Amino acid sequence: MAPGRPRVFTIPSGIAFGRALAAGVIAHTGGDPLKLADALVLVPTRRAARSLRESFAAALGGAALLPRIRPLGDVDDESDLFDPSEDALEDIPPIAPLRRLLLLAILVQRWGRAKATALPFTQALSYAGELARFLDESISQGADLTKLKTLVPDDLAAHWQEVVAFLELIAVEWPKLLHAEGAVEPAHLRDAKLRALADELARRPPAAPVIAAGSTGSIPATAELLKTIALLPAGAVVLPGLDTALDAPSWDELDAAHAQYGLKQLLKHIGVDRADVAEWSPLPENHAGRVARVRFLSEALRPPPTTDAWHDLIGSDRDIASGLDNLALIEARDPREEALTIACALREVLETKGRTAALVTPDRGLARRVAAELTRWDIAIDDSAGAKLSRTPSGAFLALLADAAATRFAPVPLLALLKHPLASGGTERSLFRRNVRAMELATLRGLRPEPGLEGIAARLAKTNAPFALQNWFERLKHLLQPFAETIAAPEATLAELARAHAAATEALAASDSEPGANSLWRGQAGEAAAELIDSLSREGRDIALVPARHYAESFRALATARAVRPLYNLHPRLAILGPLEARLLDFDLVILSGLNEGQWPPEAATDPWLSRPMREKLGLEAPERRTGLAAHDFASLAASHNVLLTRALKENGAPTIASRWLLRIKQLANGLSRESALAARHDLLRWARALDESRREPRVARPAPRPPVAARPRKLSITEIETWLRDPYAIYARHVLHLKLLDPIDSEPGPRERGIAVHGALERFLRSFPDALPPDALSHLLSFGDEAFAQAGATPAILALWRPRFERAARWFLRYETERRRHIAKSLVEVKGTLDIAAGGNFTLRGRADRIDVFSDASASIIDYKTGRPPSNPQINTLHAPQLPLEAAMLLRGGFAEHRATSVRELIHVRLTGGEPAGEDFIADVKNVDGLAAKAWQRLTDHVQKFGYETMPYLSRAMPERTTDKGDYDHLARVREWTLEREDE
């Protein structure tokens with residue numbers, strides 16, 4: 001190449017970039033160790049720098065002087081580059097990322113207030129994140145924000161006018177804020193460093209080699225540096241995977257979504273033709289074996305306007321078909337099957353000594369699935385993207401405490417916090433968990449206690465909980481109260497909240513043998529959590545939250561956005577990488593997964609601020625540029641020697657669309673009659689499916705419990721008799737196993753509580769006025785209803801629904817009661833009774849009648865109040881709903897003490913809904929009530945004789961199909977006691 005011309009090289013795709021680069025640099029320095037040590041090699045990322053050092057060490061045979069290898073940028077922090085010369089830049093630090101986000105959020109909130117819109121701080125944080133990305137993009141691409149005023153014509157929608165006005169505010173106010181902070185934008189500093197280095201190299205060209213390798217120059221400042229390096233006498237730019245064989249018409253047709261578009265733009269900026277780009281040398285001996293794959297991928301991904309060239313290609317070029325060798329495709333049914341197939345492929349790699357493999361995917365969910373599936377074989381592998389801080393033990397514990405305090409320690413958030421493995425409260429952990437369980441049973445199940453820690457303490461005292469438990473909760477309350485008061489304040493700064501948050505969490509994490517700080521801030525996740533708390537304390541010193549409870553959502557959002565990455569790979573031969581991290585790395589097997597549209601490539605990002613024409617006017621790149629970068633990563637990785645492509649046909653039950661690159665590959669393979677080559681590794685899919693197959697075992701016989709006669713119940717209520725007939729297992733569990741169904745946590749009053757309250761109100765009203773109704777009967781009944789609803793725990797919101805309905809029902813009931821009292825002698829309300837059944841031994845039937853109306857001829861009617869749907873006439877006549885017939889039998893046999901009737905006229909259900917209609921009475925269509933009562937009594941007697949006293953299965957039918965437990969149910973008798981004794985073990 002002539003002197004003064006740019007020196008640009010390329011390492012073709014499919015070549016081990018690091019090894020080829022290292023071999024070339026060593027060759028170009030003539031093997032002189034001092035000259036090699038003086039060389040400067042610039043690579044895109046820190047991971048690439050680490051990999052290149054390993055390649056140099058391997059090429060040099062171990063310990064040796066290595067060249068200076070520096071990253072141009074990094075996946076985590078693009079502003080952390082290299083140290084420029086001392087006088088190259090002003091000594092102004094970059095603004096801290098968190099401080100920048102918080103200040104942008106404050107600007108968003110101010111804008112909202114100016115527009116009479118109150119934005120919660122968490123929502124402002126979300127908008128601030130989008131603004132930060134817009135600022136980064138504007139700075140990186142050199143957009144002139146002064147042109148914002150000219151973007152929107154007056155005839156455009158008012159929405160666009162407001163957006164541009166807001167961005168103008170950012171363009172004007174944000175620099176002022178930065179100046180007041182004494183800081184600069186990280187992207188500005190990064191570009192300044194890059195340009196300072198470019199200027200330094202241009203002014204004083206070094207004699208030692210300067211090589212920029214692996215960068216595509218997507219950032220203008222980087223592209224300018226690459227141009228400078230290419231023009232140095234000892235400089236060279238080494239491009240990754242430039243397609244030098246693509247025909248000229250296709251090269252001219254490249255668009256922003258094509259894999260080669262970025263390199264085309266970079267070559268144009270440097271001022272060099274593609275034909276002048278030479279191959280880096282020396283290349284590995286197996287380079288020729290990769291040519292066919294690279295050619296195949298180039299053809300498959302050629303620009304759409306020139307795909308007619310495939311017609312000439314098919315049948316005339318036999319070599320390109322060999323590019324499908326060692327390139328396989330697996331299409332799994334769903335993401336789980338895809339993950340298991342990938343795990344099988346990675347497990348297979350380990351069968352060959354020294355062989356390496358990497359899963360490369362942008363789908364972090366799939367990466368986690370694969371890591372989980374590999375635990376089948378005790379293989380520990382980490383995802384290089386890391387885990388969200390909010391999903392780590394320390395981050396989750398901090399977030400749970402903030403959530404619980406923000407909700408004033410509502411039952412569910414409080415239990416989620418106290419049952420976290422780190423919670424100990426200064427006591428021994430097993431004792432702490434026993435106390436939490438006891439508190440849950442005493443106060444948090446059933447209706448919600450009063451808000452705050454005081455409400456729980458009051459409920460513990462009200463329920464006469466053991467003094468030791470109350471004492472324990474007082475100590476717990478003392479630990480949490482300072483943070484509870486801070487977060488309940490109308491206003492507090494982030495720094496105050498973070499410090500109180502950390503103190504309370506440390507106190508709650510402390511055990512009897514270890515300080516809370518030791519367990520809370522332990523490991524990488526603990527360090528990341530401590531760094532977040534420290535950043536909030538430092539950067540949030542003047543950021544006020546109004547109200548302070550917004551801190552909980554804000555903290556969780558910040559913890560979710562922060563990744564905890566492993567310092568070292570857990571496995572020496574397997575890796576899970578993102579496409580950016582996999583650049584320039586080499587593995588024996590490369591698995592490219594998640595190849596569905598919207599995932600890889602990702603959807604073209606929709607700019608929340610500007611339309612496409614606006615972006616173009618402002619000098620910003622098209623959204624498809626991101627697709628082009630993803631395409632270049634895919635093409636480079638797919639050119640590896642052994643490649644497995646995978647995708648899921650369905651996700652969340654919906655069909656997926658294959659990646660556009662995958663569709664191209666399949667179409668070209670089909671045209672070459674080599675589609676069978678893509679199916680070469682379907683054995684992996686068969687292995688994955690076979691892993692979950694199991695032998696068909698004979699079904700276990702349904703349990704038929706045979707408790708001893710002495711253990712069977714001797715007393716049941718009328719409602720339990722109906723349960724016995726409908727669901728005998730419930731009676732067995734309650735009366736034989738003595739199991740009690742726990743109340744739900746933090747329940748609200750529902751239909752059951754409403755029904756009990758209505759019954760209670762009617763009972764008090766009828767007992768208060770057994771004879772004549774007073775003139776103000778409605779006000780009395782409504783007053784009784786209000787008291788009953790209060791006892792049921794109705795909140796104001798629930799009362800707003802219940803009371804109007806009850807008032808309508810009360811008006812109907814008073815009209816009904818006035819009319820009914822004209823025909824009866826007296827009413828008996830909530831009458832209790834018992835009756836013995838002499839059938840092989842004593843058995844007592846208990847009952848309570850809502851109401852018995854007695855007539856002057858000693859006959860009676862039985863009334864039952866319902867707020868729900870009453871049973872139908874067929875259910876009553878067939879005794880599937882035996883409640884009222886059994887009450888009638890008890891009344892006829894003197895079961896209700898001194899109250900006895902000669903006959904029963906009617907069985908009545910009075911339904912009070914307050915709806916439309918407000919109430920109605922249902923008189924059962926029974927021809928002979930006394931006969932139905934006798935029939936019900938005889939059936940009960942037979943049932944008691946058959947299932948209550950003989951040594952036979954206690955239940956009237958076998959256990960249902962859904963039961964899967966083996967053996968009989970005798971072992972369940974002590975389930976609760978056994979669980980409580982051994983849970984801590």
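In this text, all values refer to a predicted model and were calculated from it rather than measured experimentally.

*Asks:* Explain a positive patch on the surface to me, please; I cannot follow it from the model alone.
*Replies:* Residues Arg 50, Arg 53, Arg 68 and Arg 70 make up a contiguous surface patch of positive charge. Looking at the positive patch, the elements that each hand over two or more residues are helix H3 (46-60) and strand E3 (68-71). Here Arg 53 shows up in helix H3.

*Asks:* Quick question: what am I supposed to make of the packing of aromatic side chains here?
*Replies:* For any two aromatic rings, the description comes down to two numbers: the centre-to-centre distance and the angle of the planes. Summed over the entire model, instances satisfying the criterion amount to 15 aromatic pairs. Note on Trp 472 and Phe 473: the rings are 6.4 Å apart at their centroids and 55 degrees apart in plane angle, and the pair reads as tilted. Overall, Trp 472 belongs to the buried group, its relative accessible area being 3%. Residue Phe 473 is classed as buried on the basis of its relative accessible area, which comes to 1%. For the pair Phe 634 and Trp 661, a centre-to-centre distance of 4.9 Å together with 20 degrees between the ring planes defines the contact as stacked. A residue pair is termed long-range when its members are at least 10 positions apart, and Phe 634 in helix H25 (residues 624-638) and Trp 661 in helix H26 (residues 660-671) qualify at 27 residues. Accessibility assignment for this pair places Phe 634 and Trp 661 in one class, buried. Taken together, the aromatic side chains of Phe 432, Trp 472 and Phe 473 make up a single cluster linked through ring pairs. Cation over ring: Arg 274 sits above Trp 251, and NZ or CZ is 4.3 Å from the ring centre. Here Arg 905 stacks its cationic end above the ring of Phe 855, 3.8 Å away from the centre of that ring.

*Asks:* Teacher, can you tell me more about the sheet that holds strand E15 (residues 643-648) here?
*Replies:* Sheets are built from strands paired through backbone hydrogen bonds, the pairs being either parallel or antiparallel. Judged by pairing direction, the sheet is parallel, and its five strands sit side by side in the order E7-E15-E14-E8-E13 without closing on themselves. Only two strands of the sheet have a single neighbouring strand rather than two, namely strand E7 (327-332) and strand E13 (574-577). Recorded for the sheet is a direction-independent mean angle of 15 degrees between the axes of neighbouring strands. When strand E14 (residues 589-592) meets E15, the two strands line up parallel, connected through three bridges. By the bridge assignment, Ile 591 is partnered in E15 with Leu 644. Contacts from H26 reach E7 and E15 within the one sheet, and its direction differs from that of E7 by about 120 degrees.

*Asks:* Just checking my understanding: could you explain H25 for this structure?
*Replies:* With 15 residues, H25 ought to run about 21 Å at 1.5 Å a step, and its terminal C-alpha atoms sit 21 Å apart, in line with that. The element H25 is largely enclosed, with a buried count of eleven among its 15 residues. Taken together, the buried positions of H25 are Arg 625, Thr 627, Gly 628, Ala 630, Ala 631, His 632, Asp 633, Phe 634, Ala 635, Leu 637 and Ala 638.

*Asks:* Could you clarify how one ought to interpret empty space enclosed by the protein in this entry?
*Replies:* Applying the stated criterion to the full structure yields five cavities of 30 Å³ or more. Estimated volume of the largest cavity: approximately 330 Å³. Contributing to the lining of the largest cavity are 26 residues, with Arg 583, Leu 584, Leu 585, Ser 636 and Leu 637 lying nearest its centre. Counting residues per element, the ones that place at least two in the lining of the largest cavity are strand E8 (357-360) and H25. No other element matches H25, which puts four residues into the lining of the largest cavity. The residue makeup of the lining of the largest cavity, split by class, is 14 nonpolar, eight polar and four charged. Approximately 70 Å³ is the volume found for the second largest cavity. The set of elements that each furnish at least two residues to the lining of the second largest cavity consists of helix H29 (718-726) and helix H36 (929-948). Ranked by the residues each element gives to the lining of the second largest cavity, the list is headed by H36, at four residues. Of the residues contributing to the lining of the second largest cavity, the split by class is seven nonpolar, one polar and one charged.

*Asks:* It is not clear to me how the sheet that holds strand E2 (residues 40-43) should be interpreted in this structure. Could you clarify?
*Replies:* Ordered by their spatial adjacency, six strands build an open sheet running E3-E2-E4-E5-E1-E6, and the pairing between neighbours is parallel. For this open sheet the edge positions go to E3 and strand E6 (278-279), each flanked by a neighbour on one side alone. In terms of strand pairing, E2 meets E3 through four bridges, oriented parallel. Of the residues in E3, the one forming a bridge with Leu 40 is Arg 68.

Calculation notes
- Residues numbered from 1 in each chain as written.
- Predicted model: local features only at pLDDT ≥ 70, side-chain atom pairs only at ≥ 80, totals over all residues.
- Heavy atoms only, no water.
- Patch = residues over 30% accessible without salt bridge, like charges linked within 9 Å, V, L, I, M, F, W, Y side chains within 5 Å.
- Areas by Shrake-Rupley, 256 points an atom, 1.4 Å probe, with all protein chains shown as cover.
- Salt bridge = Lys/Arg side-chain N within 4 Å of Asp/Glu carboxyl O.
- Lys, Arg positive; Asp, Glu negative; His and termini not counted.
- Charge placed at Lys NZ, Arg CZ, Asp CG, Glu CD.
- Helix = DSSP H or I, 4+ residues; strand = E, 2+ residues; numbered from the N terminus.
- Phe/Tyr/Trp six-rings, centres within 6.5 Å; stacked < 30°, edge-to-face > 60°.
- Buried < 20%, exposed > 50% of the residue type's maximum accessible area, 1.4 Å probe, protein only.
- Lys NZ or Arg CZ within 6 Å of the ring centre and 35° of its normal.
- Pairing = 2+ DSSP bridges.
- Axes fitted to C-alpha atoms, helices over the stretch in contact; angles between N-to-C directions.
- Contact = heavy atoms within 4.5 Å.
- Expected span 1.5 Å × (residues − 1).
- 1 Å grid on protein atoms, 1.4 Å probe; cavity = no way out; pocket = protein on both sides within 12 Å on 5 of 7 lines; lining within 4 Å.
- Points joined across faces, edges and corners; volume = space filled by probe spheres on them.
- Nonpolar A, V, L, I, M, F, W, Y, C, P; charged D, E, K, R; others polar.

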